Amino acid sequence: QGTTVITADRLKIFFTGGVRSIENVSGTMESIQRIVATGNVRIAMADGFAETQQAEYTSKTGTYVLTGKDSRIVSGDNSISGSKITLHRETGRITVESSREKRVEAIIFSGKKGK
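None of these values were measured; they are calculated from a predicted model.

How each quantity is defined
- Residues numbered from 1 in each chain as written.
- Predicted model: local features only at pLDDT ≥ 70, side-chain atom pairs only at ≥ 80, totals over all residues.
- Heavy atoms only, no water.
- Helix = DSSP H or I, 4+ residues; strand = E, 2+ residues; numbered from the N terminus.
- Buried < 20%, exposed > 50% of the residue type's maximum accessible area, 1.4 Å probe, protein only.
- Contact = heavy atoms within 4.5 Å.
- Areas by Shrake-Rupley, 256 points an atom, 1.4 Å probe, with all protein chains shown as cover.
- Pairing = 2+ DSSP bridges.
- Phe/Tyr/Trp six-rings, centres within 6.5 Å; stacked < 30°, edge-to-face > 60°.
- Lys NZ or Arg CZ within 6 Å of the ring centre and 35° of its normal.
- Salt bridge = Lys/Arg side-chain N within 4 Å of Asp/Glu carboxyl O.

(A) Broad picture of the overall build of the protein. Of the regular secondary structure elements, the protein holds zero helices and nine strands. Expressed as a percentage of its 115 residues, the buried residues of the protein come to 34%. When contacts within the protein are restricted to residue pairs at least 6 apart in sequence, those whose partners lie at least 24 apart make up 37%. For the protein, the accessible surface area stands at approximately 7,400 Å², while carbon and sulfur atoms represent 49% of it.

(B) Up close: the environment of Phe 109. Inspection of the secondary structure puts Phe 109 in the segment after β9 (105-107). Residue class for Phe 109 comes out partly exposed when judged on its relative accessible area of 41%. For the pair formed by Phe 109 and Ser 79, sequence separation is 30 residues and the distance between their alpha carbons is 9.4 Å. With sequence-adjacent residues up to four places away left out, Phe 109 is seen in contact with Asp 77 and Asn 78.

(C) Quick peek at the pairing of strand β5 (residues 48-58). As paired strands, strand β4 (residues 32-45) and β5 are joined by 10 bridges and run antiparallel to one another. In the sheet register, Arg 34 faces β5, and the bridge partner there is Thr 58. Hairpin connection between β4 and β5: a loop of two residues separates the two successive antiparallel strands. One ladder, built from eight bridges, connects β5 with strand β6 (residues 63-75); its direction is antiparallel. By the bridge assignment for β6, Thr 58 is matched with Thr 63. Following β5, the chain reverses through four residues before pairing antiparallel with β6; Gly 62 in that reversal takes a positive phi of roughly 65°.

(D) Main features of the packing of aromatic side chains. Under the counting rule described, the total for this entry stands at one aromatic pair. Between Tyr 57 and Tyr 64, the ring centres sit 4.6 Å apart and the planes meet at 40°, which makes this aromatic pair tilted. The buried category is assigned to Tyr 57, whose relative accessible area is 6%. Its relative accessible area of 4% is what places Tyr 64 among the buried residues. For the cation-ring pair, Arg 34 lies above Phe 14, with the distance from its terminal atom to the ring centre recorded as 4.1 Å.

(E) Layout of the pattern of salt bridges. Evaluation of the coordinates by the stated rule reveals four salt bridges. For the salt bridge of Glu 56 with Arg 34, the shortest nitrogen-to-oxygen distance reads 3.2 Å. With Glu 56 in strand β5 and Arg 34 in strand β4, this pair connects stretches of sequence that are 22 residues apart. On the accessibility criterion, Arg 34 (28% relative accessible area) is partly exposed. One salt bridge in this structure joins Glu 51 and Arg 42, with 2.8 Å as the shortest N-O distance. Salt bridges sharing partners connect three or more residues here, namely Arg 42, Glu 51 and Arg 72.

See the structure below:
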């Protein structure tokens with residue numbers, strides 16, 4: 001969608017009419033309900049990228065949920081990491097959660113553009 005590209009070891013795309021194999025995809029982005037990516041997930045966006053072990057995108061809400069102990073979003077020199085990251089595409093709002101094993105870490109340089 002736009003300049004966003006998702007790569008992963010495994011990618012499941014849920015369409016309005018059900019799950020289809022990649023060979024039978026003829027729907028538009030409007031017919032995609034949900035995308036679930038697992039294993040070495042990388043989401044390249046216009047202003048940065050995200051890396052995680054699992055990501056789920058829900059088209060109705062325009063929300064990515066990244067889960068995995070090394071989930072992170074990088075935009076320019078800025079980065080944020082945690083065990084669960086929720087990114088709202090429309091607003092750019094990000095919520096980051098920790099786990100018992102991983103604290104939230106953020107590096108933010110003021111005055112610079114980015115998420």
